Every structure is written in structure tokens, then in C-alpha cells.
Amino acid sequence: GNSVTQMEGPVTLSEEAFLTINCTYTATGYPSLFWYVQYPGEGLQLLLKATKADDKGSNKGFEATYRKETTSFHLEKGSVQVSDSAVYFCALSDQTGGFKTIFGAGTRLFVKA
Amino acid sequence: DSGVTQTPKHLITATGQRVTLRCSPRSGDLSVYWYQQSLDQGLQFLIHYYNGEERAKGNILERFSAQQFPDLHSELNLSSLELGDSALYFCASSASGGGGQETQYFGPGTRLLVL
């Protein structure tokens, strides 16, 4: 079945550091890939998405590229801020999975001033 | 604010009891999804309704049931509650049938504590 694997957290960075959160997936079809972010006390919100191979999703300085050859969708940001502290979820959805969205375990990010 | 509302925000109950969680999707959205978030299981998809019809089922226990009403709000019913059902329950909505590219908009969640 479909699955998503994310790097374990927490990840602790200083402000302005470079961020990478690794995400790899297993899917039998051609999934769409997503990154969602959950700020403390809130629900998840979509950060970015990519719907086909080699697509790059980007938003708020974050970006991720859909790599079919390595089945990966790593999240990157060049310079993190304290306000980026949150939990980040990688997710996939595809037709063979009935379009159920499968989420990774989440990676907690702490950014220190 | 995603436009998805969930009530109640918090719920404390005892084992063996039954509770109902309510979700109102964003205006115009036809799909509603329910998720359970717990420390040990992570974020698990429970069920998806589209325009009143069940579209997909995930890891939903038989003790749990859901429905979507004609006004498109949805309720998740949890019965014979166990300690392990304590979790954050999220509702999400999307514009149409839940195709792979659709963005889901999440509500703030209902935190359930079973004592």
C-alpha cells in the first residue's frame, strides 16, 4: 500500500539556518504530493504541493521538488525564522489509493532566535 | 482561519460513553474528511464523505460512524469509548470529490479525552 516516510524530529535550528526535511514515499500509482504545516494549537494547512514528476511546489520561501526517480519530496527553506516553528507533514494522494491522503508521521521544527 | 468549523473544541468523557463531533465545511465545499491524530498513531484518515455519500474509508473502527447531512455538515459518532480513543479529531473539507490534486482545508480539531 501507499506510505510516506519522513525524517524523525525534532529538528532544532538557529534563525537564518538552512532547513531540509526529508520525505520519501511508496505508491503504486502516480501520486500528488503535499506538505502541510501545523502551528501550535491549530489544524493543518497546506504549505505546498506538486502533482507530477519534476514539478516544484513553493510557498513562503519553502520549496520541494517531486523526484520520481528517488521517490522523494524533500522540503527546503534557505533561511528559517522563529515563526516557522511548527510540525511539518508530508502527504500523498493517488487514484489507486482511492484518493485517500496518507500522511507521514510529521517532523517538529524548533527555530531558536 | 480555514473556514472549517468544529465543535466542541474539547470533550472529556468516560470509558463506555458515546460522543458526537460536529464539522461544518467551508462554504461551497462538498467533501468532508475525518482524521484522528494521536501521539502513537500519527495522523490517520478515518472516512471521506462527498455530497452526502460515503466516498472512502480508512482506519475507522466499527465503534465509530459518520454521516454527512443535506446541508453538508458532518458528524462523527464515537461509541463505547476506550482510553485509547483519546486523540485530536480533525475535520477537513475540499471543493469537490477529493481527487488527488485537491487541497484539503482543516478545522482546528476537537480534543477528546477519555477517562
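Up top is the structure these notes are about.
Quick notes on the rules
- Residues numbered from 1 in each chain as written.
- Chains lettered and ligands numbered in written order.
- Predicted model: local features only at pLDDT ≥ 70, side-chain atom pairs only at ≥ 80, totals over all residues.
- Heavy atoms only, no water.
- Contact = heavy atoms within 4.5 Å.
- Buried area = accessible area lost by both parts, 1.4 Å probe.
- Salt bridge = Lys/Arg side-chain N within 4 Å of Asp/Glu carboxyl O.
- Polar contact = N/O pair within 3.5 Å; in protein donor to acceptor, adjacent residues only side chain to side chain.
- Core = buried A, V, L, I, M, F, W, Y, C linked by side-chain atoms within 4.5 Å.
- Buried < 20%, exposed > 50% of the residue type's maximum accessible area, 1.4 Å probe, protein only.
- Helix = DSSP H or I, 4+ residues; strand = E, 2+ residues; numbered from the N terminus.
- Pairing = 2+ DSSP bridges.
- Axes fitted to C-alpha atoms, helices over the stretch in contact; angles between N-to-C directions.
- Patch = residues over 30% accessible without salt bridge, like charges linked within 9 Å, V, L, I, M, F, W, Y side chains within 5 Å.
- Areas by Shrake-Rupley, 256 points an atom, 1.4 Å probe, with all protein chains shown as cover.
- Lys, Arg positive; Asp, Glu negative; His and termini not counted.
- Phe/Tyr/Trp six-rings, centres within 6.5 Å; stacked < 30°, edge-to-face > 60°.
- Lys NZ or Arg CZ within 6 Å of the ring centre and 35° of its normal.

### Considering the interface of chain B and chain A
Opposite the 18 residues of chain B that make contact, chain A presents 17 residues. Here chain B meets chain A over a buried area of about 1400 Å², counting both sides, of which 55% is carbon and sulfur. Viewed at the interface, chain A and chain B are joined by 0 salt bridges. Seen at the junction of chain B and chain A, the total is 4 residue pairs in polar contact (both at pLDDT 80 or more).

### Re the nonpolar core
Residues and elements named next belong to chain A. Formed by 26 residues in total, the largest nonpolar core has its most connected members in Leu 19, Trp 35, Leu 47, Leu 48, Phe 73, Leu 75 and Tyr 88. Secondary structure elements with two or more residues in this core: β2 (11–14), β3 (19–21), β4 (23–26), β5 (32–38), β6 (44–50), β8 (62–65), β10 (86–93) and β12 (107–112). It is β10 that provides the largest number of residues to this core, a total of 4 residues. Once residues within four sequence positions are removed from consideration, Leu 75 is found in contact with Leu 19, Thr 20, Ile 21, Trp 35, Leu 47, Leu 48, Phe 62, Glu 63, Ala 64 and Tyr 88.

### Considering the sheet that holds strand β1 (residues 5–7) of chain B
Residues and elements named next belong to chain B. Pairing is antiparallel across the open sheet formed by 4 strands, whose spatial order is β1-β3-β8-β7. The open sheet terminates on both sides in strands that have one partner only, identified here as β1 and β7 (64–68). For this sheet, the mean angle separating the axes of adjacent strands, direction not counted, is 15 degrees.

### A look at a nonpolar patch on the surface
Residues and elements named next belong to chain B. Taken together, the side chains of Ile 12, Leu 113 and Leu 115 present a nonpolar region at the surface, about 310 Å² in accessible area. Among the secondary structure elements, Leu 115 is positioned in the segment after β11 (110–114). Given the relative accessible area of 58%, Leu 115 is considered exposed.

### Some points on the side chain of His 48 of chain B
Residues and elements named next belong to chain B. Among the structural elements, His 48 can be located in strand β5 (residues 42–50). On the basis of relative accessibility, which here comes to 3%, the residue His 48 falls in the buried class. A distance of 2.9 Å separates the side chain of His 48 from the side chain of Ser 31, its partner in a polar contact.

### Some details on the side chain of Glu 102 of chain B
Residue and element names in this part refer to chain B. Tracing the sequence through the fold places Glu 102 in the loop between β9 (87–94) and β10 (105–106). The buried charged residue Glu 102 lacks any salt bridge, with Arg 26 as its nearest oppositely charged partner at 8.1 Å. Within the structure, Glu 102 has its side chain in polar contact with the side chain of Ser 94 (distance 2.6 Å). A distance of 2.5 Å separates polar atoms of two side chains, one belonging to Glu 102 and the other to Ser 96.

### Some words on the packing of aromatic side chains
All told, the structure shown has 12 aromatic pairs over all chains when counted by the stated rule. Aromatic pair Phe 89 of chain A and Phe 103 of chain A: ring centres 6.4 Å apart, planes at 85 degrees, arrangement edge-to-face. Of this pair, Phe 89 of chain A sits in strand β10 while Phe 103 of chain A is found in strand β11 (residues 101–103), placing the two residues 14 residues apart along the sequence. On the basis of an interplanar angle of 80 degrees and a centroid distance of 6.1 Å, the ring pair of Phe 103 of chain A and Phe 106 of chain B is categorised as edge-to-face. Residue Phe 103 of chain A is located in strand β11, and its partner Phe 106 of chain B is located in strand β10; the two belong to separate chains. Relative accessible area serves as the criterion here: at 8%, Phe 103 of chain A is assigned to the buried category. Ring pairing ties together the aromatic residues Phe 34, Tyr 36, Phe 89 and Phe 103 of chain A together with Tyr 35, Phe 45, Phe 90 and Phe 106 of chain B, which thus form one cluster. The ring of Tyr 105 of chain B has Arg 26 of chain B sitting right over it, with the charged end atom 3.7 Å from the ring centre.

### Focus: unusual backbone geometry
Backbone torsion omega between Gly 9 of chain A and Pro 10 of chain A reads -5 degrees, so that peptide bond is classified as cis. Within the secondary structure, Pro 10 of chain A sits in the loop between β1 (3–6) and β2. In this chain, Thr 7 of chain B is followed by Pro 8 of chain B through a cis amide linkage whose omega measures -10 degrees. Residue position: Pro 8 of chain B is located in the loop between β1 and β2 (10–13). A positive phi angle, near 40 degrees, is found at Thr 71 of chain A, a position not held by glycine. Along the chain, Thr 71 of chain A turns up in the loop between β8 and β9 (75–77). The backbone phi angle of Asn 51 of chain B is positive, close to 50 degrees, even though this residue is not glycine. Note that Asn 51 of chain B resides in the loop between β5 and β6 (53–57).

Shape descriptors only; they carry no functional weight alone.
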